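# Observations on the model geometry
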Amino acid sequence: MATKKYSDKAQEKVGKVMEEFKEGKLKSSSGDKVTNRKQAIAIGISEAKEAGLKVPKQKKSK
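A brief structural summary. Every residue gets a number counted from 1 within its own chain, in the order that chain's sequence is written. Confidence filtering applies because this is a predicted model: local features only for residues at pLDDT of at least 70, side-chain atom pairs given and counted only at 80 or more, and all residues used for totals across whole chains, interfaces and linings. Hydrogens and waters are ignored; side-chain quantities use all the structure's heavy atoms.

The next point concerns the nonpolar core. Side chains of nonpolar character tend, in soluble globular proteins, to be buried together. Within the largest apolar cluster, eight residues are counted, these being Val14, Val17, Met18, Phe21, Leu26, Val34, Ala40 and Ile43. No other element matches helix 1 (residues 8-23), which puts four residues into this core. Those residues in contact with Val34 that lie beyond four places of it in its chain are Phe21, Leu26, Lys27, Ser28, Gln39, Ala40 and Ile43. Each nonpolar core is a collection of buried residues, namely Ala, Val, Leu, Ile, Met, Phe, Trp, Tyr and Cys, held together in the definition by side-chain atoms within 4.5 Å. Exposure classes here rest on a 1.4 Å probe applied to the protein chains alone. A residue is buried below 20% of its type maximum, exposed above 50%, and partly exposed in between. We count a stretch as a helix when DSSP gives it H or I for four or more residues in a row; a strand needs E for two or more, and each element gets its number in order from the N terminus. The contact rule is simple, with two residues in contact once any of their heavy atoms fall within 4.5 Å.

Locating Ser7 in the fold gives a position in the segment before helix 1. When neighbours within four sequence positions are excluded, Ser7 is seen to be in contact with Leu53 and Lys54.

As a further point, take the pattern of salt bridges. Take a side-chain nitrogen of Lys or Arg and a carboxyl oxygen of Asp or Glu: if they are within 4 Å of each other, that pair is a salt bridge. Within the structure shown, the criterion is met by two salt bridges. Linking Glu23 and Lys25 is a salt bridge whose minimum nitrogen-to-oxygen distance equals 3.6 Å.

Mapped onto the secondary structure, Lys9 falls in helix 1. Here Lys9 falls in the exposed class, since its relative accessible area comes to 55%. Once the C-alpha coordinates of Lys9 and Ala48 are considered, the two residues, 39 residues apart in sequence, prove to be 8.2 Å apart.

Next up on the list: helix 2 (residues 37-50). Multiplying one less than the number of residues by 1.5 Å gives the expected span of a helix. The end-to-end C-alpha distance of helix 2 is 20 Å, a good match for the 20 Å that 14 residues give at a rise of 1.5 Å each. Residues of helix 2 that are buried: Ala40, Ile43, Gly44 and Ala48. Buried positions in helix 2, seen along its axis, are confined to an arc of 135° and lie on one side of it. Looking at helix 2, the residues exposed on the side facing more than 90 degrees away from the buried face are Lys38 and Glu50. At its buried positions, helix 2 is contacted by helix 1. Each direction from the helix axis to a C-beta atom contributes to the arc, which is the arc of those directions.

Here it is in structure tokens:
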């Protein structure tokens, strides 16, 4: 099975968001502090998509 491939710039973007999360500075769209690691990753991927970076499509769950 092939692994998902993110562009280097997208990986950097997610990495920067995760640093904000670890420092406790990451906020959600509602302005609340993000406390969930998975939510922080989702925010990073979303920001990378908005910036037009290469991000694989989300796998559909059944």
